[in-house]
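For reference, the chains in residue letters:
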Amino acid sequence: MKLTRKEFLKLVGTTAGVISGVNRLNKFAYATTKKSKPKFKEEWIFSCCNMCGGQSGIMVRVVDGKVVKIEPNPYNPNNFSNISTDFFANIEKEGTCICPKGNAGILTLYDPERIKNPLKRTNPKKGIAVNPGFVEISWEEAYSEIVRRLKQLRDNGEAHKLLWFSEDHSFTHIQDDFCKLFGTPNYSIHSNLCDTARKASFKMVMGDERPLMDSFQSKYILLFGWNPLSATKWSYLPRIITRAIENGAKLVVVDPYLSYTANKAQEWIPIRPGTDGAMALAMGNVIIRERLYDETFIKEWTVGFEEYAEYVKDKTPEWQEKITSVPAKTVERIAIEFATTKPQVVDVWSGPGHHSNGVQGGRAIALLAALVGGYDRPGTLLIPDRKGNKHIEVHPDETAKKNLKEKRFDELKDLYPFGHNSGVYCEIFSRLAEGRGPYKPKMAVIIFQNPMMSVPGTKTVEKALQNLEFVVVNDIFLSETALMADIVIPGTTYLERYDLNTHWVTWPVLGLRQPVVKPLFGQPTEYEFVCELGRRLGLKEEDGNAFFWEGRISGERIEDKTKWYEEYLSKELKEGEPKITLEELKKLPGAVWVSKKGTRYEKYKDIIPQEKLADTIIEGNIVYSKKKDGTKDKQIGMLKEDGTVVRGFFTSSGKVEFYNSDLVKMKDAWGKPVNPLPVYEPRRWQPDKEYPFYLINWKEASHTHTRTQNNAYLIELKGENPLMINTETAKKLGIKDGDLVWVESPYGKVKAKVKLTEGIHPEVVGLQHGFGHWGLGKTAQDRGTSDAILRPCLAEPLSGQALHKECCVKIYRA
């Protein structure tokens, strides 16, 4: 019933490999309890993990009300494959998996340093290394003070001066509802710290923010700056890549660092940071020169090919070698291999995107897929048919509407032409720190976020939080951000609350997160906390509906906030794709709804039925659905010359776009016109004589961002983040393995322990992101190095993506 650290390490090994779970669907888990007939009460409860943003399916063994074991859920495709045929054919034969973090979640639930009661600050001074002087207060005092502050803002017509931040996978709908009904446009979520540059790149090229790699059916996998075998966004990633290799696929990884994925590839190509776009353009040059492109796909489903072909004429492998340091012969060979091996897939994630030229670089990579017809076909980049629960629109009252007309504080729509609706954290915090912006925010609510460590520019974030009148943080630990708060509210773990997870696979799948134990300290869940604020403020919709009291289905007043939220979720399920209630979802195998439609291909060819075209708007050749007020809503298709309407691609032309002349009408956040071509321009910050090294960071399976360093199991797996330096580079600097060094930039300096390796570009140093805590808990504190202080608080100018990897430093012995 107990899992020791030693047993855990034995189970997961010392690598970032996945953990095998149940072997056969019809023989798992229950056999032991049926045979032994234990005297204690035991049950297995299906749910979804939230140790990271991947939302793997889990099954939790609960004995006498205590969690004793977490295993992968064999009914959930998110743990196995993103392709339906693979899942249905092979899940029973192979079993399923979760990563080390998922197995270690039990220690986060029972961490003795979790916050148990609301805390109030007694020291008005705020800052790093400043003792907040927290004292415990009652829930009534906490609610009263927070509501008093919120009510004052709303009554004074200043609801828009509330900033609200949250994680992007947990209870986001109810937080968005609260912000709209309260009257603030400033609801921001984590995504712009992660992959919004990639989202922008693909949106510009093919109209979808997150196409998914079908590596399982591919024969050639080319990855730029992505480490899916260790930075496992979804648990299925390691399996679908390794199975592809076993089936004869070649894996090529372009990355400054020999990541775990690069280590398992047939070929690793070290590259200078921020130059991936140049390599992609040179590959395009070779593919066009050798006429290896898919002529039919380009003729029928793309625009702007001629302009692109003209642009890359001089972007030769020799041209890119001076920029990237990748040999011209290597690029020539990789381009030909990639174009001639069918099917092939190319993908890019956060590595290249975290530089100031990241969106255009990602765009150049996305167009490699276009050249070979590599969209929505087996073994390529697939458009996910992602349908799940539906967020039901709320209708704010007149007070809220007035404040919602105010601009967002980050001026997202005005400044960032391809900005994501998650907002721009860097813009918000830099404006707060410097006193800029359309108005001066007064209050922030921060839920399940730690911007003091997760946003580049630590000193800027510190100053920004100091400039707010009142800060509320809801978290399970006293994070570095919680230490800056005026009131801290104890949060819950994913094992204590609900959520609906529309999974990132290629066909509709929805998994349930449900409480497997009650909140340990009797604290409200985050959605109950938000609901209580809404009730005390008396927030209503425009028709007078007391939103946070009335059931979304029954319309009746519901006192119990958990039951109210359960009905809220049932409404989303009934209105969404599943068309079932929450109770019906719980009863499905594994508490997961899996559509029978399965993965479909070449959806851009789908003909839109006439009945769906009855109430639409046509502009040019693009067909839009219509809102209730008669204005255009979402793009649904493309009108062809023969009069039929097909889905097409959701771009301005309805096709994949190599070139878009409309972009020149736009300007980015730095005032520069947007280029209609995927141009390569050097990133803004380059090494020089004073700061000669690129500094990058990365993520691994051992930890999630800055979240998990207080988990004792995971700390035994990875207890520090040494600075990786190339062996030959270190020799020139007189630095040895294990030395302590100073890492310095114009923005600050930090101390780091050195680990020498040949697996990093000689001009680059780097480390795993997430360490260097001074808060969170005793296990996490004083371990490793945080590099956020070394960077400015700056966002990529097209997408608003935080620039986590744009940094140059000097290294010297401490």
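Residues numbered from 1 in each chain as written. Predicted model: local features only at pLDDT ≥ 70, side-chain atom pairs only at ≥ 80, totals over all residues. Heavy atoms only, no water.

1. A word on the overall build of the protein
What counts, and what does not: Numbering of helices and strands runs from the N terminus; a helix is a DSSP stretch of H or I covering at least four residues, while a strand is a stretch of E covering at least two. Note on method: radius of gyration uses C-alpha positions; expected globular size equals 2.2 Å times residues raised to 0.38. Categorising residues by exposure relies on relative accessible area from a 1.4 Å probe, with only protein chains included: less than 20% of the type maximum marks a residue as buried, more than 50% marks it as exposed, and the intermediate range marks it as partly exposed. Every residue pair with non-hydrogen atoms within 4.5 Å of one another is taken to be in contact. All accessibility values rest on the Shrake-Rupley procedure with a 1.4 Å probe; residue burial counts only the protein chains present in the view. By the counting scheme adopted, Arg and Lys are positive, Glu and Asp are negative, and His together with the chain ends is not counted. For the purpose of locating charges, the reference atoms are NZ of Lys, CZ of Arg, CG of Asp and CD of Glu.
Per the secondary structure count, the protein includes 27 helices and 33 strands. Its C-alpha radius of gyration of 26 Å places the protein within 12% of the 28 Å reference for a compact globule of 814 residues. If one aligns the C-alpha atoms of the protein with their principal axes, the spans along those axes are about 70 × 70 × 65 Å. The burial tally for the protein puts 63% of its 814 residues in the buried class. Within the protein, residue pairs in contact and separated by at least 24 positions form 71% of the contacts whose partners lie at least 6 positions apart. Carbon and sulfur atoms make up 50% of the accessible area of the protein, which totals about 31100 Å². Charged side chains of the protein number 116 positive and 104 negative; the gap between the two group centres comes to 3 Å.

2. Structural notes on the pairing of strand 21 (residues 509-513)
Selection rule: Strand pairing is defined by DSSP finding a minimum of two bridges between the two strands.
Strand 21 sits mainly inside the fold: five of its five residues count as buried. Judged by which residues are buried, strand 21 turns out to be covered on both faces: Val-509, Gly-511 and Arg-513 on one side and Leu-510 and Leu-512 on the other are all buried. In terms of strand pairing, strand 20 (residues 499-502) meets strand 21 through four bridges, oriented antiparallel. Counted as the bridge partner of Asp-499 is Arg-513 from strand 21. Linking strand 20 to strand 21, which pair antiparallel, is a turn of six residues. Of the strand pairs in this sheet, strand 21 and strand 22 (residues 592-594) are connected by three bridges, and their pairing is antiparallel. From the neighbouring strand, Leu-510 faces strand 22, where its bridge partner is Trp-593.

3. Side note on the domain arrangement of the protein
We count it as follows: The start and end points of each domain follow an automatic or database-based domain assignment. A 1.4 Å probe defines the accessible area here, and the buried area is the portion of it lost by two parts on being joined, summed over both. Each reported salt bridge corresponds to a side-chain nitrogen of Lys or Arg within 4 Å of a carboxyl oxygen of Asp or Glu. Polar contacts, as counted here, are pairs of nitrogen or oxygen atoms within 3.5 Å of one another; within protein the pair requires one atom able to donate a hydrogen and one able to accept it, and residues that are adjacent in sequence qualify only if both atoms are side-chain atoms.
Domain boundaries in the protein define domain 1 (5-35), domain 2 (119-194 + 388-500 + 520-578), domain 3 (207-382), domain 4 (603-665) and domain 5 (693-813). Distance from the C-alpha centre of domain 3 to the C-alpha centre of domain 4: 28 Å. Counting residues at the interface gives 18 residues for domain 3, matched by 17 residues for domain 4. Taking both sides of the interface into account, the surface hidden between domain 3 and domain 4 amounts to around 1600 Å²; carbon and sulfur atoms contribute 66%. Of all residues in domain 3, Trp-301, Val-303 and Asp-376 give up the largest surface area on contact with domain 4, accounting jointly for 42% of the area buried on that side. The salt bridge involving Lys-603 is made with Asp-376; its shortest N-O contact spans 2.9 Å. If you look at where domain 3 meets domain 4, you find five residue pairs in polar contact (both at pLDDT 80 or more).

4. Section: the packing of aromatic side chains
Counted only if it meets this: Side-chain rings of Phe, Tyr and Trp (the six-membered ring for Trp) are treated as a pair once their centres are within 6.5 Å; stacked means planes under 30 degrees apart, edge-to-face means over 60, and tilted covers the remaining angles.
Using the criterion set out here, one finds 36 aromatic pairs in the structure. Aromatic pair Phe-305 and Phe-658: ring centres 5.6 Å apart, planes at 75°, arrangement edge-to-face. Of this pair, Phe-305 sits in helix 13 (residues 305-311) while Phe-658 is found in the loop between strand 27 (656-657) and strand 28 (693-698), placing the two residues 353 residues apart along the sequence. Measuring from ring centre to ring centre gives 5.8 Å for Trp-685 and Tyr-747, while their planes differ by 65°; the resulting arrangement is edge-to-face.

5. Overview of the sheet that holds strand 22
The test is simple: Inter-axis angles, ranging from 0 to 180 degrees, are taken between N-to-C directions of lines fitted to C-alpha atoms, where helices are fitted over the stretch in contact.
The three strands lie next to each other as 20-21-22, forming an open sheet whose pairing is antiparallel. With partners counted over all chains shown, the strands left at the sheet margins are strand 20 and strand 22, one partner each. Geometrically, the sheet is characterised by an average inter-axis angle of 15° between neighbouring strands, direction not taken into account.

6. As for the sheet that holds strand 24 (residues 622-626)
Pairing is antiparallel across the open sheet formed by four strands, whose spatial order is 23-24-25-26. On the outer flanks of this sheet lie strand 23 (616-619) and strand 26 (645-646), each paired with one strand and no other. In the sheet, strand 24 pairs with strand 25 (residues 632-639) via four bridges, with the strands oriented antiparallel. For Lys-626, the partnering residue across the bridge sits in strand 25 and is Lys-632.

7. A short note on helix 11 (residues 276-289)
Rule in force here: Given the number of residues in a helix, its expected span is that number minus one, multiplied by 1.5 Å.
Between its terminal C-alpha atoms helix 11 stretches 20 Å, which fits the 20 Å expected from 14 residues at 1.5 Å a residue. Immediately beyond the C-terminal end of helix 11, within one or two residues, lies Arg-291, with a positive phi of roughly 55°.

8. Structural notes on the nonpolar core
Counted only if it meets this: Definition used in this section: a nonpolar core is a set of buried Ala, Val, Leu, Ile, Met, Phe, Trp, Tyr and Cys residues joined via side-chain atoms within 4.5 Å.
Ranked by size, the top nonpolar core spans 86 residues in total, and within it Leu-222, Phe-224, Met-283, Leu-371 and Tyr-375 carry the most contacts. Looking at this core element by element, the count peaks at nine residues for helix 11. No fewer than three residues from each of domain 3 (207-382) and domain 4 (603-665) sit in this core. Tyr-375 has contacts with Phe-202, Val-205, Met-206, Ala-366, Ala-369, Ala-370, Thr-380, Leu-381, Tyr-604, Phe-649 and Val-656, leaving out every residue within four places of it along the chain. The next biggest cluster of nonpolar side chains, apart from the first, holds 54 residues, and it includes Phe-470, Ile-489, Leu-512 and Leu-539.

9. Structural notes on helix 15 (residues 328-340)
Rule in force here: Relevant arc is that of directions from the helix axis to the C-beta atoms, nothing else.
The end-to-end C-alpha distance of helix 15, which contains 13 residues, comes to 19 Å, matching closely the 18 Å that a straight helix rising 1.5 Å per residue would cover. Of the positions making up helix 15, those classed as buried are Ala-328, Thr-330, Val-331, Ile-334, Ala-335, Phe-338 and Ala-339. Burial along helix 15 is one-sided: seen end-on, the buried residues are contained in an arc of 155°.

10. What about a positive patch on the surface?
Quick reminder of the rule: For patch building, the residue pool is restricted to those with more than 30% relative accessible area and no salt bridge; the joining distance is 9 Å between like charges and 5 Å between nonpolar side chains (Val, Leu, Ile, Met, Phe, Trp, Tyr).
Residues Lys-390, Lys-579, Lys-628 and Lys-634 make up a contiguous surface patch of positive charge. Relative to the assigned elements, Lys-579 resides in the loop between helix 24 (561-575) and helix 25 (582-587).

11. A closer look at the packing of helix 11 against helix 14 (residues 317-324)
Cut-off, in case you're wondering: Should an angle lie under 35 degrees it is considered roughly parallel, over 145 roughly antiparallel, and from 65 to 115 roughly perpendicular; all remaining angles are considered oblique.
Two numbers describe how helix 11 lies on helix 14: the axes approach to 9 Å, and their chain directions differ by 170°. Here helix 14 runs roughly antiparallel to helix 11, going by the angle between their axes. Two secondary-structure elements touch here, helix 11 through Ala-278, Met-279, Leu-281, Ala-282, Asn-285 and Val-286 and helix 14 through Pro-317, Trp-319, Gln-320, Ile-323 and Thr-324.

12. Considerations on the side chain of Lys-603
Locating Lys-603 in the fold gives a position in the loop between strand 22 and strand 23. A polar side-chain atom of Lys-603 sits 2.9 Å from the main-chain carbonyl oxygen of Arg-600. Residues contacting Lys-603, with those up to four places away along its chain left out, are Asp-376, Ile-383, Asp-385 and Arg-647.

13. Details of the pairing of strand 18 (residues 470-475)
The buried fraction of strand 18 is high, at six of six residues. Where strand 17 (residues 443-447) meets strand 18, five bridges bridge the pair, whose relative direction is parallel. From the neighbouring strand, Met-443 faces strand 18, where its bridge partner is Phe-470. Taken together, the four bridges between strand 18 and strand 19 (residues 487-490) define a ladder with parallel strand orientation. When the bridges of strand 19 are listed, Asp-475 appears paired with Pro-490.

14. As for unusual backbone geometry
Cis rather than trans, the peptide bond between Lys-342 and Pro-343 has omega equal to -15°. For Pro-343, the position within the fold is in the loop between helix 15 and strand 15 (344-348). For Glu-411, which is not glycine, the phi torsion reads 50° and is therefore positive. Mapped onto the fold, Glu-411 is located in the loop between helix 18 (398-404) and helix 19 (412-415). The backbone phi angle of Lys-579 is positive, close to 60°, even though this residue is not glycine.

15. Comments concerning the packing of helix 6 (residues 139-155) against helix 23 (residues 526-537)
Where we set the bar: Here a crossing is called left-handed whenever its near helix is offset anticlockwise from the far helix by less than a right angle, and right-handed whenever the offset is clockwise. Classification convention: Asp, Glu, Lys, Arg as charged; Ala, Val, Leu, Ile, Met, Phe, Trp, Tyr, Cys, Pro as nonpolar; all other residues, Gly among them, as polar.
Closest axis-to-axis distance for the helix 6/helix 23 pair is 10 Å, and the angle between their directions is 60°. Classed by the angle they form, the pair helix 6 and helix 23 counts as oblique. The way helix 6 lies across helix 23 gives a crossing that is right-handed. Contact with helix 6, carried on its side by Glu-140, Tyr-143, Ser-144, Ile-146, Val-147, Leu-150 and Lys-151, involves Glu-528, Phe-529, Glu-532, Leu-533, Arg-536 and Leu-537 of helix 23 and no other residues of that element. Broken down by class, the residue content of the contact of helix 6 with helix 23 amounts to seven nonpolar, one polar and five charged.

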